[in-house]
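Next come the chains, spelled out residue by residue.
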Amino acid sequence: MLLADERDKLTVIGRSLAETGLVGGTSGNVSVRSGDLVAVTPAGARLDRLDPADCPVVTLTGRPVDGERVPSSETPMHLALYEATPAAAIVHTHSTYGAVVASTLSELPPIHYNILLLGGVVRVAEYATYGTPELARNVRAAMAGGRRAALMANHGGVTIGRDLDEAFENARLLEWLCGVYVRAKMIGEPRVLTDEELAKVVERGLTPPDMAG
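All figures in this text were calculated on a predicted structure; none of them were measured in a lab.

Calculation rules
Residues numbered from 1 in each chain as written. Predicted model: local features only at pLDDT ≥ 70, side-chain atom pairs only at ≥ 80, totals over all residues. Heavy atoms only, no water. Helix = DSSP H or I, 4+ residues; strand = E, 2+ residues; numbered from the N terminus. Rg over C-alpha atoms; globule rule 2.2 N^0.38 Å. Buried < 20%, exposed > 50% of the residue type's maximum accessible area, 1.4 Å probe, protein only. Contact = heavy atoms within 4.5 Å. Areas by Shrake-Rupley, 256 points an atom, 1.4 Å probe, with all protein chains shown as cover. Expected span 1.5 Å × (residues − 1). UniProt positions renumbered as here; feature names shortened; annotations may be inferred. Pairing = 2+ DSSP bridges. Axes fitted to C-alpha atoms, helices over the stretch in contact; angles between N-to-C directions. Left-handed = near helix turned anticlockwise from the far one by under 90°. Nonpolar A, V, L, I, M, F, W, Y, C, P; charged D, E, K, R; others polar. Parallel < 35°, antiparallel > 145°, perpendicular 65-115°, else oblique.

## Digging into the overall build of the protein
Looking only at helices and strands, one finds six helices and nine strands in the protein. In summary, the protein has a C-alpha radius of gyration of 17 Å against a globular reference of 17 Å for 213 residues, a match within 12%. Of all 213 residues assigned to the protein, the portion counted as buried reaches 47%. Excluding contacts between residues fewer than 6 apart, the proportion of contacts in the protein whose partners are at least 24 apart in sequence is 65%. As presented, the protein carries roughly 9900 Å² of accessible surface, and 50% of it is formed by carbon and sulfur atoms.

Now the structure itself:
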């Protein structure tokens, strides 16, 4: 079986996403790249009930090379991000607070300095129907400039990483930041960190990990 270890890891991350509430039902999808091949979760699957063999393998152009299941409908978005970024893994969620922010704002502002770990302000990609080339282009644009995360208008979130564990942790951080913003908004107007304040945090060494590292 091609990419056996990677496909096994997809099932582990899928269960973790479900257990932490970042996905529910058949929502969300995950992929991991190895060279010129990508293992991705299948379409219409519950991520907490996957076997490694359920996860098909495709080329970077989307051509199926192994597995009997149909790749996730969001595979075009994953492939667009692999083309545009040095990511080795991608996690797409339908988390609650992420969806709330993605349905109301044009970007998630720096309410906490840990947003720097995601590359700065998290942009909200313009709305497009799921699984379409248009959505893939919109998300790719939102992720430009070294971002590790983006939100998709009226949809959910996507994060990248050097491996599946990092992409998963970035998804958890994105949801935490969205949750802080939404809860802060309930009791007042959130105070947003200034560029100067963020620069001082960077001076102290808080920056995203080198994706090539």
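## So, helix α1 (residues 4-19)
For α1, which comprises 16 residues, the first-to-last C-alpha distance of 23 Å matches the rise-based estimate of 22 Å (1.5 Å per residue) to within 8%. Where α1 is concerned, the buried positions are Arg7, Leu10, Thr11, Ile13, Gly14, Ser16 and Leu17. Where α1 is buried, its residues contact β1 (29-34), β2 (37-40), β3 (57-59), β4 (64-66), β5 (89-93) and α5 (164-187). Once α1 ends, the next one or two residues include Gly21, with phi positive near 80 degrees.

## Side note on the UniProt feature "domain: Class II aldolase/adducin N-terminal" (unreviewed entry) in the protein
Residues annotated by UniProt as "domain: Class II aldolase/adducin N-terminal" (unreviewed entry) correspond here to residues 8-182. The distance separating the terminal C-alpha atoms of residues 8-182 is 35 Å; by composition the span is 33% helix and 21% strand.

## So, the pairing of strand β7 (residues 122-125)
Pairing geometry for strand β6 (residues 107-108) and β7, over two bridges, is antiparallel. Across the sheet, the residue bridging to Glu107 is Arg123, located in β7. Looking at chain direction, β7 and strand β8 (residues 149-152) are connected through two bridges and run parallel. Counterpart to Val124 in the pairing with β8 is Leu151.

## Brief notes about unusual backbone geometry
Phi at Leu3 is positive, roughly 50 degrees, even though this residue is not glycine. With respect to the helices, strands and loops of the structure, Leu3 is situated in the segment before α1. Residues other than glycine seldom take positive phi values, yet Asn154 does so here, at roughly 55 degrees. Assignment of secondary structure puts Asn154 in the loop between β8 and β9 (156-161). Residue classification places Asn154 among the exposed residues on the basis of a relative accessible area of 51%.

## What to know about the packing of helix α2 (residues 75-84) against helix α4 (residues 133-142)
Relative orientation of the contacting elements α2 and α4 amounts to 35 degrees, with a least axis distance of 8 Å. In this structure, the crossing between α2 and α4 has a hand that is right-handed. From α2, Pro76, Met77, Ala80, Leu81, Glu83 and Ala84 reach across to α4, where they touch Ala136, Val139 and Arg140. Of the residues assigned to the contact of α2 with α4, the class counts are seven nonpolar, no polar and two charged.

## What to know about the pairing of β2
Strand direction decides the pairing type here: β1 and β2, joined by four bridges, are antiparallel. Residue Ser31 lies in a different strand from β2, and its bridge partner there is Val40. The loop that links β1 with its antiparallel partner β2 comprises two residues; one of these, Gly35, has a positive phi angle of about 65 degrees. Of the pairings in the sheet, the one linking β2 to β3 comprises three bridges and is antiparallel in character.

## Some points on the sheet that holds β2
Spatially, nine strands are ordered β4-β3-β2-β1-β5-β9-β8-β7-β6 in an open sheet, and the strand pairing comes out mixed. Both outer strands of the open sheet, β4 and β6, are each paired with one neighbouring strand and no more. The sheet contacts of α4 involve β7, β8 and β9, and relative to β7 the element is tilted by about 165 degrees.

## Things to note about the packing of α1 against α5
Following both chains from N to C, one finds α1 and α5 inclined at 20 degrees, their axes separated by 10 Å at the closest point. Put simply, α1 runs roughly parallel to α5. As α1 packs across α5, the resulting crossing turns out to be right-handed. Along the contact surface, α1 presents Glu6, Lys9, Leu10, Ile13, Ser16 and Leu17, while α5 presents Leu164, Asp165 and Phe168. Grouping the amino acids of the contact of α1 with α5 by side-chain chemistry returns five nonpolar, one polar and three charged.

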